[in-house]
Amino acid sequence: MADDQHGRTPSPERRARPRTPSGTEPVTARSDLRLRLILSALFLPVFTAATVGFALWSTHQGPGDSPGSGPLTVLAVVCGVLALVAALDLVRVTSRRRRERDTTDDALG
């Protein structure tokens, strides 16, 4: 069983209690899927284009050019990772919205 922040193992009574919200958030707090879908769809092509642009710029740099190919490669990798995150979020949000829509259709039918 995981220890708390002070290295102590919680008592069995404390472990058995369900977690209750400590703030004012609703019990079923959810992220805004429509906003996540819009942001992912907007930034996926932006980061993809930036990845390609920085990668091409990096390959055309000479030995004494500024900025060097190293920083441009780092920027290309960072933009590539952000594009991957946007793509994965787009897939996740799309499947979650589809699943919720199917559940709603089943409940109505």
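Computed from a predicted structure; not experimentally measured.

This prediction gives the protein chain a mean pLDDT of 84; 74% of its residues lie at or above 70. Taking the mean pLDDT of every element in the protein chain, the minimum, 60, falls on helix 1 (residues 12-16) and the maximum, 96, on helix 2 (residues 33-59).

This next bit is on helix 2. Because the α-helix completes a turn every 3.6 residues, residues three or four places apart line up on one side. Counted at 1.5 Å a residue, the expected span for helix 2 with its 27 residues is 39 Å, and the 38 Å between its end C-alpha atoms agrees. Of all the bends found along helix 2, the most pronounced is centred on Phe43 and spans about 25°, while Pro45, a proline, follows it within four residues. Of all the positions in helix 2, only Leu33, Ser40, Phe47, Thr51 and Ser58 are classed as buried.

For the structure shown, the criterion picks out two salt bridges. Measuring nitrogen to oxygen at the nearest pair gives 2.4 Å for the salt bridge that ties Arg36 to Asp89. With Arg36 in helix 2 and Asp89 in helix 3 (residues 69-108), this pair connects stretches of sequence that are 53 residues apart. Look at Arg36 and you get partly exposed, because its relative accessible area is 21%.

With respect to the element layout, Thr59 can be found in helix 2. Thr59 gets classed as exposed once you look at its relative accessible area, which sits at 61%. Note: C-alpha distance between Thr59 and Leu72 (13 residues apart in sequence) is 9.0 Å. Here His60 takes part through its side chain, which lies 3.3 Å from a polar atom of the side chain of Thr59.

In this structure the tally under the stated criterion is two aromatic pairs. With a centroid separation of 6.3 Å and an interplanar angle of 15°, the aromatic rings of Phe54 and Trp57 are classed as stacked. Within this pair, Phe54 and its partner Trp57 are both found in helix 2, separated by three residues, close to a single helical turn. Assessed through its relative accessible area of 21%, Phe54 is described here as partly exposed.

This part takes up unusual backbone geometry. In the segment running from Ser66 into Pro67, the intervening peptide bond is cis, with an omega of 0°. Residue placement: Pro67 occurs in the loop between helix 2 and helix 3.

Here the focus is the environment of Arg92. In this fold, Arg92 is placed in helix 3. For Arg92, a relative accessible area of 56% gives the class exposed. Between the alpha carbons of Arg92 and Leu37 there is a distance of 9.3 Å; along the sequence they are 55 residues apart.

Parameters and conventions
Residues numbered from 1 in each chain as written. Predicted model: local features only at pLDDT ≥ 70, side-chain atom pairs only at ≥ 80, totals over all residues. Heavy atoms only, no water. pLDDT = per-residue confidence, 0-100. Helix = DSSP H or I, 4+ residues; strand = E, 2+ residues; numbered from the N terminus. Expected span 1.5 Å × (residues − 1). Bend = angle between axes of the 7 residues up to and from the residue. Buried < 20%, exposed > 50% of the residue type's maximum accessible area, 1.4 Å probe, protein only. Salt bridge = Lys/Arg side-chain N within 4 Å of Asp/Glu carboxyl O. Polar contact = N/O pair within 3.5 Å; in protein donor to acceptor, adjacent residues only side chain to side chain. Phe/Tyr/Trp six-rings, centres within 6.5 Å; stacked < 30°, edge-to-face > 60°.

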